[in-house]
Each structure stands twice: as C-alpha cells, then as structure tokens.
Amino acid sequence: MLITTERLTLHAWSEACFDGLFALAQLPETVRYVGTGEPWSHEYTLAKHRATLTHWTEHGFGWFAVSAAPGSFDGVVSLVRRNATESGLGRPAVEMGWWIAPSGWGRGYATEATTAVRDRAFDAGWAERLLAVYEPVNKPSARVVEKLGFTVHSKFVLDGRVEQRAVLERPRP
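Predicted model, so just to flag it, every value in this text is computed and none were measured.

Rules behind the numbers
- Residues numbered from 1 in each chain as written.
- Predicted model: local features only at pLDDT ≥ 70, side-chain atom pairs only at ≥ 80, totals over all residues.
- Heavy atoms only, no water.
- Axes fitted to C-alpha atoms, helices over the stretch in contact; angles between N-to-C directions.
- Helix = DSSP H or I, 4+ residues; strand = E, 2+ residues; numbered from the N terminus.
- Parallel < 35°, antiparallel > 145°, perpendicular 65-115°, else oblique.
- Left-handed = near helix turned anticlockwise from the far one by under 90°.
- Contact = heavy atoms within 4.5 Å.
- Nonpolar A, V, L, I, M, F, W, Y, C, P; charged D, E, K, R; others polar.
- Phe/Tyr/Trp six-rings, centres within 6.5 Å; stacked < 30°, edge-to-face > 60°.
- Buried < 20%, exposed > 50% of the residue type's maximum accessible area, 1.4 Å probe, protein only.
- Core = buried A, V, L, I, M, F, W, Y, C linked by side-chain atoms within 4.5 Å.

### Some remarks on the packing of helix α5 (residues 109-123) against helix α6 (residues 139-148)
Relative to each other, α5 and α6 sit at 40°, their axes nearing to 10 Å. Here α5 lies oblique to α6, going by the angle between them. The element α5 and its partner α6 pack so that their crossing is right-handed. Of α6, the residues touching α5 (which contributes Ala 110, Thr 111, Thr 114, Thr 115 and Arg 118) are Val 144, Lys 147 and Leu 148. Within the contact of α5 with α6, the residues separate by chemical class into three nonpolar, three polar and two charged.

Shown next as structure tokens:
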C-alpha cells in the first residue's frame, strides 16, 4: 500500500523498515516525548517492529514509513487499533502517532503525512474515530493535532508526565 502527497511517499510497513526505525529510535530528540523518553533498545524496537507487521496482517493497516526522497526513511505515521479500555475513551478507536526525523522538522512533513493517513483511514473505513495521545509540552505535535481537527478529550498523568488524549470522529456525509 502506498500513499503519496505533494512531497512525501508513505509506504506500508515492511521488513525493510526496521533499520530506519531503529536509527530514528536512537535519537534523544526524537524519543523525548515517547514512552520513557529514552532511546529504544534493539530488542524493544524489534518487538515494536514485529507487532506492527502483525497489526498489518490482522487489520489491513498499521504503520507507514515516510520518505521524502526515494529510498529514504524520514519518519513514521502509525495507526494502531485500540479497544475501549486501551483507548481510555470507553469506546474503540484507532490511535494515530507520528515521528518525523529531525532533518524534516519545520518543513510541514508531520502535518502533510498525518493528513494523508487521516484521510486514508477514514476513506478506507479503517477507523470511525482517531485518537492522538501526546504531551502538551510537545508544541509541534500539539499543533499537528490542532491542524488535523482533533478535539482534546482528557488529560492524565503517566509516570509523572502530563499527557492528553484528543479525538477526531469520522466525518459524516
């Protein structure tokens, strides 16, 4: 599966994505607002990679590798099905997340890539609602959430970090 935008190509996750993911997950500035905020170990990255491949097999969608040029790995836009409990919403949702490599920061790649994946998720019927979980202190991600039309649902504290859940319902005709 392929999604293209004016400047980016988003590829369905594959075995070939592991090295790019591991490199991105080693950058302190990239993982700062993800999980513990620490770079991912090889084992943890491999487990995430394998879970992503399984998610694609089970659901027909999942993570997308972002490329700004042929053969480059410039980030990830993720879609992960969450049940009512996992979502924290009391109803199922598809959680959307994103990582863009620092070389793409400030260029609008996150907004461009997530907009394309949001649109595909709704058009293809993968999701009735999208969920974004982010730290409000991460201003660039908060701006992407706002630009995509999400509405803040709740705030919570996890491991001493304030996080927000924001929701975007599938548009009705």
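### What about the packing of aromatic side chains?
Each aromatic ring pair is described using two quantities: the centre-to-centre distance and the angle formed by the ring planes. One pass over the structure, following the stated rule, counts eight aromatic pairs. Between Trp 13 and Phe 73, the aromatic rings sit 6.1 Å apart at their centres with planes inclined by 75°, giving edge-to-face as the arrangement. Linking Trp 13 in the loop between β2 (9-12) and α1 (18-24) with Phe 73 in the loop between β3 (64-67) and β4 (75-82), this pair joins segments that are 60 residues apart in sequence. The partly exposed category is assigned to Phe 73, whose relative accessible area is 22%. An angle of 25° between the planes, with centres 6.3 Å apart, marks the rings of Phe 64 and Trp 126 as stacked. You can see Phe 64 sitting in strand β3 and its partner Trp 126 sitting in the loop between α5 and β6 (129-134), a full 62 residues away along the chain. Its relative accessible area of 11% is what places Trp 126 among the buried residues.

### So, the nonpolar core
Residues Leu 10, Trp 13, Leu 79, Met 96, Leu 130 and Phe 150 are the most contacted members of the largest nonpolar core, which totals 46 residues. Looking at which element gives the most residues to this core, the answer is α5, with seven residues. When residues no more than four places from it in sequence are discounted, the contact partners of Leu 130 are Leu 79, Val 94, Met 96, Arg 118, Ala 121, Phe 122, Phe 150, Ala 166, Val 167 and Leu 168.

### So, the environment of Ile 3
With respect to the element layout, Ile 3 can be found in strand β1 (residues 2-4). Note: C-alpha distance between Ile 3 and Val 66 (63 residues apart in sequence) is 9.4 Å. Residue contacts for Ile 3: discarding those within four places in its chain leaves Leu 8, Thr 9, Leu 10, Phe 64, Ala 116, Val 117 and Arg 120.

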